[in-house]
Amino acid sequence: MTVRVPAKVNVQLAVGGARPDGFHDLANVFLAVGLYDEVTVRPAASLTITCTGPDAEQVPLDRTNLAARAAELLAARHGIAPDVHIHIAKDIPVAGGMAGGSADGAGALLACDTLWGLGSSREELLSICAELGSDVPFSLVGGAALGTGRGERLTELEVGGSFHWVFAVADGGLSTPAVYGEFDRLNEGVSVPDPVASPALLDALCTGDVLALADAVSNDLQPAALSLRPSLADTLAVGAGAGALASLVSGSGPTTAFLVKDEDAAEGVATALRASGTCRAARVAGAPATGARVVAV
Ligand SMILES: C[C@](O)(CO)[C@H](O)COP(=O)(O)OP(=O)(O)OC[C@H]1O[C@@H](n2ccc(N)nc2=O)[C@H](O)[C@@H]1O
Ligand SMILES: Nc1ncnc2c1ncn2[C@@H]1O[C@H](COP(=O)(O)OP(=O)(O)OP(=O)(O)O)[C@@H](O)[C@H]1O
């Protein structure tokens, strides 16, 4: 049973002050992009995981892997043993701010639910996703959605066209809690406003207007990611100089995202990024992408 799950970019990430539970309230506009992990599950004597792909050695193969946790949570809810082998074919950068681990969690959940014939409702699956992590519900749903609360409460959004993106993959990852911690440090003594979704941005998604979307994108975690990884400013400058309509850090980074007009512009920006030596790789991807779905039985 194989499930394909997309990466995400946050076209708006408005971050409120730290909550008593350590999380931050968000207005998080997710857009699924066409870079995918594939999660395959098959019956086995016990729960085991393997992973292949360019970043595979950075992926934990124990029970802390979000795919393993998804299988365990689903099995526990149904009083069965999580005896599956999970294989992750990983193409989403690890610790890159593109929700790669979340994609694997959502993928394993859907794959196990299908393999075990449980037929869980969308609501049941989404509630397990929210338990796994703030980004996991969106990995299941895909397309575009506004996430509120800590990002797990989703309202699906209409997208009136397709968008072209280039992603610059950085050397090494950034820890999501460390980036939120740096956000708190940079905002110490400042009254952080409640996060609100931008009407102009939602409108640009709805109409498929790339220029309006480029004007409206924003990421409140970008200053924190740049503070922890100042070299990302060079990558952003290369993409902007090569004609990207918008250049921003993807979520908590360190992947940087470049919105471009069309496929030709994407190739131009990707070539400039590769030649610049400011990133490890440049990947072209379209959006919106569909959420987790079974691709092979
Ligand atoms: C940066 C984003 O990727 C944007 O979509 C997400 O907000 C992060 O989502 P995630 O990786 O699924 O994060 P979780 O696994 O839920 O939380 C990891 C850690 O990130 C911080 N965190 C996460 C989400 C949130 N709304 N506020 C936070 O402060 C907390 O320190 C938390 O302990
Ligand atoms: N299946 C998985 N794939 C990758 N990392 C995982 C997985 N399960 C757990 N992890 C752990 O989670 C950490 C963050 O990895 P991940 O690729 O999800 O980061 P991210 O894309 O920055 O996340 P997000 O954008 O949701 O904040 C890794 O360093 C790793 O220790």
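Keep in mind it's a predicted model, so treat the numbers as computed, not measured. (Residues numbered from 1 in each chain as written. Chains lettered and ligands numbered in written order. Predicted model: local features only at pLDDT ≥ 70, side-chain atom pairs only at ≥ 80, totals over all residues. Heavy atoms only, no water.)

Overview of the side chain of His85
- Tracing the backbone shows His85 in strand 4 (residues 84–89).
- Assessed through its relative accessible area of 18%, His85 is described here as buried.
- There is a polar contact of 2.8 Å between the side chain of His85 and the side chain of Thr48.
- Sequence-distant contacts of His85, that is, excluding residues within four places in its chain, are made with Thr40, Val41, Arg42, Ala44, Thr48, Ile49 and Thr50. (Helix = DSSP H or I, 4+ residues; strand = E, 2+ residues; numbered from the N terminus. Buried < 20%, exposed > 50% of the residue type's maximum accessible area, 1.4 Å probe, protein only. Polar contact = N/O pair within 3.5 Å; in protein donor to acceptor, adjacent residues only side chain to side chain. Contact = heavy atoms within 4.5 Å.)

Quick look at the site of ligand 2
- Contacts to ligand 2 come from 22 residues, most closely from Ala95, Gly97, Gly101, Asp104 and Asp135.
- With respect to ligand 2, the backbone of Gly97 contributes an N or O atom lying 2.8 Å from an oxygen atom.
- The backbone of Gly101 places a nitrogen or oxygen atom 2.8 Å from an oxygen atom of ligand 2.
- When isolated, ligand 2 has an accessible area of 610 Å², and the protein chains bury 79% of it.
- Per-element tally for the shell around ligand 2: the top contributor is helix 2 (residues 100–115), with four residues.
- Here the shell around ligand 2 is composed, by residue class, of nine nonpolar, nine polar and four charged. (Near = heavy atom within 4 Å. Areas by Shrake-Rupley, 256 points an atom, 1.4 Å probe, with all protein chains shown as cover. Nonpolar A, V, L, I, M, F, W, Y, C, P; charged D, E, K, R; others polar.)

Here we look at the site of ligand 1
- Every one of the 18 residues lining ligand 1 counts as a neighbour, but Asn10, His24, Ser134, Asp135 and Tyr180 are closest to it.
- A distance of 2.5 Å separates an oxygen atom of ligand 1 from a polar atom in the side chain of Ser134.
- Take Tyr180: an N or O atom from its side chain is 2.6 Å from an oxygen atom of ligand 1.
- Among the elements that take part in the shell around ligand 1, strand 2 (residues 24–43) stands out by supplying four residues, more than any other.

Here's the deal with the packing of helix 1 (residues 66–77) against helix 3 (residues 122–132)
- Between helix 1 and helix 3, the least distance of the axes is 10 Å, while the angle of their chain directions is 130°. As summarised for this structure, helix 1 and helix 3 are arranged oblique, according to the angle between their axes. Handedness of the crossing formed by helix 1 with helix 3: right-handed. Along its contact with helix 1, which presents Leu66, Arg69, Ala70, Leu73, Leu74 and Arg77, the element helix 3 presents Glu124, Ser127, Ile128, Glu131 and Leu132.
- Here the contact of helix 1 with helix 3 is built from residues that sort into six nonpolar, one polar and four charged. (Axes fitted to C-alpha atoms, helices over the stretch in contact; angles between N-to-C directions. Parallel < 35°, antiparallel > 145°, perpendicular 65-115°, else oblique. Left-handed = near helix turned anticlockwise from the far one by under 90°.)

Looking at the nonpolar core
- Core analysis: the largest hydrophobic core is formed by 66 residues, its most contacted members being Val11, Ile86, Trp165, Phe167 and Leu213.
- Once residues lying within four places of it in the same chain are set aside, the contact partners of Ile86 are Val39, Thr40, Val41, Leu47, Thr48, Ile49, Thr50, Ala67, Ala68 and Ala71.
- Core analysis: the next-biggest nonpolar cluster, separate from the first, contains 25 residues, Leu13, Leu174, Leu236 and Ala282 among them. (Core = buried A, V, L, I, M, F, W, Y, C linked by side-chain atoms within 4.5 Å.)

Considering the pattern of salt bridges
- Applying the stated criterion across every chain yields a total of 12 salt bridges.
- The shortest N-O distance in the salt bridge between Arg19 and Asp21 comes to 2.8 Å.
- The partner of Arg63 in a salt bridge is Glu72, with the nearest N and O atoms 2.4 Å apart.
- The class for Arg63 is partly exposed, based on a relative accessible area of 44%.
- For Glu72, a relative accessible area of 25% translates into the label partly exposed. (Salt bridge = Lys/Arg side-chain N within 4 Å of Asp/Glu carboxyl O.)

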